[in-house]
Amino acid sequence: MEICRNKKTGQTFIQLEGPEADQSLMITPQGAVKNLECKLFTESVDIDDERAVTQGKVNRVQYDVYTQFFR
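In short, a report on the structure. (Residues numbered from 1 in each chain as written. Predicted model: local features only at pLDDT ≥ 70, side-chain atom pairs only at ≥ 80, totals over all residues. Heavy atoms only, no water.)

**Let's talk about the packing of aromatic side chains**
- Applying the stated criterion across every chain yields a total of 3 aromatic pairs.
- Ring geometry for Phe13 and Phe41: centres 4.9 Å apart, planes at 70 degrees, overall edge-to-face. Separated by 28 residues along the polypeptide, Phe13 in strand S2 (residues 12-20) and Phe41 in the loop between strand S4 (33-37) and strand S5 (45-46) bring together distant segments of the chain.
- Here the aromatic residues Tyr66, Phe69 and Phe70 are joined through ring pairs into a cluster of three or more. (Phe/Tyr/Trp six-rings, centres within 6.5 Å; stacked < 30°, edge-to-face > 60°. Helix = DSSP H or I, 4+ residues; strand = E, 2+ residues; numbered from the N terminus.)

This is the structure in structure tokens:
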């Protein structure tokens, strides 16, 4: 799983695809899947899926959407 933070809010987003044309497909903290501008986020880092949840890096809603996306 690749995660990054919104530079303004500090919230964590899961990066699904990208970057393409300066945008990436991401899962918001609310669980919405959106194509967002890369310049709004820190560089993404790779983290183990389960560890991301157990360490509180992403919330359960984000994780559930993430697992559905890759089914």
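Next comes the rest of the write-up.
**Focus: the sheet that holds S5**
- One open sheet holds the 5 strands; their spatial order is S4-S3-S2-S1-S5, and the pairing between them is antiparallel. Edge positions in the sheet fall to S4 and S5, since each has one partner strand and no second.
- Alignment of strand S1 (residues 2-5) against S2, held across 4 bridges, turns out to be antiparallel. For Glu2, the partnering residue across the bridge sits in S2 and is Gln15.
- Relative to S2, helix H2 (residues 60-69) is tilted by about 35 degrees, and along the sheet it contacts S2, strand S3 (23-27) and S4. (Pairing = 2+ DSSP bridges. Contact = heavy atoms within 4.5 Å. Axes fitted to C-alpha atoms, helices over the stretch in contact; angles between N-to-C directions.)

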